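Overview (structure and organization)
Here are the chains, one letter per residue:
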Amino acid sequence: MAATDLLDRVAVRAATRARPFWTIPRRDALVGYLLISPQLVGSALFVLLPLGLVVYYSLQEWNVLASTFEYVGGANYAKLLADPNMGQVLTGTALFSVGLVVLNLTLALSLAILLNQRLAGTTFFRTLFFSPVLVSLVAWTIVWQFLLQQDGGVNGLLGVVGVEGPNWLRGETTALLSVIVVQVVKNVGLNMVLFLAALQGVPRQLYEAAQLDGAGAWTRFARITVPQISPTILLTSIITVVGSLQVFAQIAVLTQGGPGMSTTVLVYYLYQQAFQFRHLGYGAALSVLLFLIVAALTLLQWRLRRKWVFHES
Amino acid sequence: MSRKLRLGLYALLCVLCVPFVFPTWWMVTSSVKPISDIFAFPPALVPSRFDFSTYGRVFELQPFGQQYLNSLYIAAVVTAGTMAVAAMAGYAFARIRFPGQNVLFLVVLVGLLIPSEVTIVPLFQMFHTAGLTDTHWPLILVPILGAPSVLATFIMRQFFITLPGELEEAARVDGLGRFGTFFRVALPLSRSALGAVAIFTFLHSWNLYLEPIVFLSTPSKFTLPQALTQFVDAYGSPLWNVQLSAATMTALPILVVFVLAQRQFIEGLAHTGLKG
C-alpha cells in the first residue's frame, strides 16, 4: 500500500515537472484575483446589489402598519411626475448646482493663479485657503449658522462698511446663496490645490515664446493656460458637479430645506420622503432619478472632453 | 514685479482670506468666551476673559466622550481597512495581467459613478433585514468595501501604473514572488499615495452625516457630526455656547494634525491619480 502510494506521488511529481500546472502567468492570475477579491465582493454587495434593489424598491411602497413592502407597479413614478413639489425641487437643485459649480471653479482657478505668482508667503496663504477642507463639516456649518443670523458676525462685518445685511437664512434667495457660499468656502481649497499643481506643470517656454510674439496677458491665459490645464478642468468639474448634487449635511443644519422649499434639493427631498415620512418606495424612485441625473451629467462631460480637452494623458 | 503690484496682491490675498479663516478663529475663541461675549455685536475677536465652563456642560448634556470615541475608532478602522483593500486591488489592476481584468475594473468603477445617497434606501433595508441598524457595522463595512473605497482603489492604481517595470523584474530575479514584490517593493514605494488615501478616507468617515442619522438612533452610539446638532434646548433652539465648544473639540485636533501633515497631503494629492 505504502509503496504504491509513494510510486503514485513520484509519478505525479514527474508529470507536474514535465508540464507544471502552476505556470507563472497562472500563478500571477491567481494572486490578481485574490488581491482584488475584497473590492470585488464589496462592490457586488454594497454597490451593484443596492443599485438593483433601488430599482426594485421603486416599484414597491412601504406599508407602515404591516412593516412590509407591497408591489405598486409604476405608482411611485406616476406620483413623481404629478408631485407638485417636484418642479420647485428640481429648479432649486439646478440653481444650487449651477451656482455652486460656477462659483467654486472660478474661485478655485483665480486663487490658484494668485498663488502661482512669484510672491513670498504663498505657501502660508495656501494653507489658510485650504484649512476649511480640514475642518469637520458639521462644525463648520454650525459656525456659519451662527454667523449668518440677523445679528451675527457676517452682518457685523457688513455693518463696519455701512451695509445693513439681511437675515440671510430666512429669505428664499439669500438662503440658497448662503448655502452655496458656505459650501464653496469649505471645499474650494481642494480644487485650488489641483489647479495649482496643473499650473505648475505648464512649461514656462510657452509663455516666453508667446510674449516674444507680443501676446498679452489675456491671450496667454486663454490660448496657453486654459488648454494646458484642460484635463484638470475636466476632472475638477466632474468632481464638483457630482459633489454639488450630494450636498446634504449643510442643508440639514442650516435651513432644513427652507424657507418654504427654497433650499430643498433633490437629496434632501429624498431623505425627507424616505426617512422622515417613511415613504421608502417613493424615496427609492427619487434615488433612481438622482442616479439618472448624475449618470447623464457625467456622460455629457466625458463626451465633451474631446471638444475642449487639449491633450489626454 | 513692482512694489505697488506686490502690495496690492498681498492686500487682495488678505481680504480673500477672511471668509476662510474667520469662522474657524471665531469658533475656537467663542468656545472660551463668556456667553455675553458670544452675542456681542459687532462680534468680539478675542475673549474679554476666559470661561471654560461650557466644555464641562458638553459632557453633561450628552455622552460626548463615548461619541468622540465612536467617531475616532470608526474612522481609524475605516482608514486602515480602505488602505488595505485599495492598495491590494489597485496593485492588481495596475501591474498583474489576468483574464477579465478590464471588465472587472469597469465593474468596480461603477462605484465612482454612484453617489452614496442613491443607494441609501436599499442599504438601509439590507442592514435592517440583517438586524444591523443602530450598530456601527453599516458605517464601517460600506465605506471600506463599497463605493467610497473605489476612489481610493483608483488613486492607488494610477500610482502603481507609474512604477517602473524594472523594479519588479529586479525583485523577481532576486527570487521574490508576486506577494513578495507587492509587500516588499511596491507597497513601501507607495507611501505618498497611501498617505493621501489615508487622509481622504479619515476625513470622509469623520464627516459622514447622512449615514449616521439614517442608521443610528441611540445617543450613546452617535458619531460626532450627529451629536453636534443635538445640543439644543427644550424648544429646539441651539445652545450656542455648548455647541461651539463641542464643535471646537471636534474640529481643532484634526485641523492641527492635518495642517502639520499638509505637505504630505497636498503633494500626495497632486501627484497621484487626481492629477489630470
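Quick caveat, the model's predicted, so the values are computed rather than measured. For every chain, the first residue of the written sequence is number 1, and numbering continues from 1 along that sequence. Each chain gets a letter, beginning with A, and each ligand a number, beginning with 1, in the order they are written. Per-residue local features are limited, in this predicted model, to residues with pLDDT of at least 70; the limit for side-chain atom pairs, both in listing and counting, is 80 or more; totals at the level of whole chains, interfaces and linings are taken over all residues.

1. Examining the nonpolar core
Among the nonpolar cores identified, the biggest contains 148 residues, and Ala 139, Val 143, Phe 248 and Val 267 of chain A together with Met 156 and Val 197 of chain B are the most heavily contacted of them. At 16 residues, helix H8 (residues 172–200) of chain A tops the list of elements feeding residues into this core. Domain start and end points were adopted from an automatic or database domain assignment. When residues of this core are sorted by domain, at least three fall in each of domain 1 (4–51) and domain 2 (58–271) of chain B. When sequence neighbours within four positions are dropped, the list of residues in contact with Val 143 of chain A reads Pro 23, Trp 26, Met 27 and Ala 247 of chain B. As used here, a nonpolar core is made of buried Ala, Val, Leu, Ile, Met, Phe, Trp, Tyr and Cys residues. They are joined through C-beta atoms within 7 Å. Once C-beta atoms are placed from the backbone, each residue is buried if 20 or more other C-beta atoms lie within 10 Å of its own, exposed if 12 or fewer, and partly exposed for counts between those two. Secondary structure counts use DSSP, requiring at least four H or I residues in a row for a helix and at least two E residues in a row for a strand, with both numbered from the N terminus. The contact rule is simple: place each C-beta atom from the backbone, and if two of them lie within 7 Å, those residues are in contact.

2. Considerations on the packing of helix H2 (residues 24–57) of chain A against helix H4 (residues 64–95) of chain B
Between two packed helices, what matters for the description is the angle formed by their axes and the separation of those axes. Fitted lines through C-alpha atoms give the axes, limited to the stretch in contact for helices. The angle between two N-to-C directions lies from 0 to 180 degrees. With their axes 8 Å apart at the nearest point, H2 of chain A and H4 of chain B run at an angle of 135° to one another. Between H2 of chain A and H4 of chain B, the crossing angle belongs to the class labelled oblique. Judged by the sense of rotation from one axis to the other, the crossing of H2 of chain A with H4 of chain B is left-handed. Between H2 of chain A and H4 of chain B, the contacting residues are Gly 32, Leu 35, Ile 36, Pro 38 and Gln 39 of chain A on the first element and Val 85, Met 88, Ala 89, Tyr 91, Ala 92 and Phe 93 of chain B on the second. A breakdown of the residues in the contact of H2 of chain A with H4 of chain B according to their chemical character gives nine nonpolar, two polar and no charged. Roughly parallel refers to an angle under 35 degrees, roughly antiparallel to one over 145, roughly perpendicular to one between 65 and 115, and oblique to any angle outside these ranges. By convention, the crossing between two helices is left-handed when the near helix turns anticlockwise from the far helix through less than a right angle, and right-handed when the turn is clockwise. Under this grouping Gly is polar, as are all residues other than the nonpolar Ala, Val, Leu, Ile, Met, Phe, Trp, Tyr, Cys and Pro and the charged Asp, Glu, Lys and Arg.

3. A short note on helix H7 (residues 137–145) of chain B
Listed in full, the buried residues belonging to H7 of chain B are Pro 138, Leu 139, Val 142, Pro 143, Ile 144 and Leu 145 of chain B. Buried residues along H7 of chain B sit against H2 of chain A together with H4, helix H6 (120–129), helix H8 (147–161), helix H11 (191–207) and helix H12 (210–215) of chain B.

4. Regarding the UniProt feature "domain: ABC transmembrane type-1" (unreviewed entry) in chain B
UniProt positions are given in the numbering used here, feature names are shortened, and annotations may be inferred rather than shown by experiment. According to UniProt, the feature "domain: ABC transmembrane type-1" (unreviewed entry) maps to residues 68–261 of chain B in the numbering used here. The span residues 68–261 of chain B carries 75% helix and 0% strand; its end-to-end C-alpha distance comes to 22 Å.

5. Quick notes on the domain arrangement of chain B
Residues and elements named next belong to chain B. Here chain B is partitioned into domain 1 (4–51) and domain 2 (58–271). Domain 1 and domain 2 are separated by 32 Å when their C-alpha centres are compared. At the interface, six residues of domain 1 touch eight residues of domain 2. Mapped onto the side of domain 1 that touches domain 2, the elements with two or more residues apiece are helix H1 (3–30) and helix H2 (35–38). Ranked by residue count, the leading element in the side of domain 1 that touches domain 2 is H1, at three residues. Grouping the amino acids of the side of domain 1 that touches domain 2 by side-chain chemistry returns four nonpolar, two polar and no charged.

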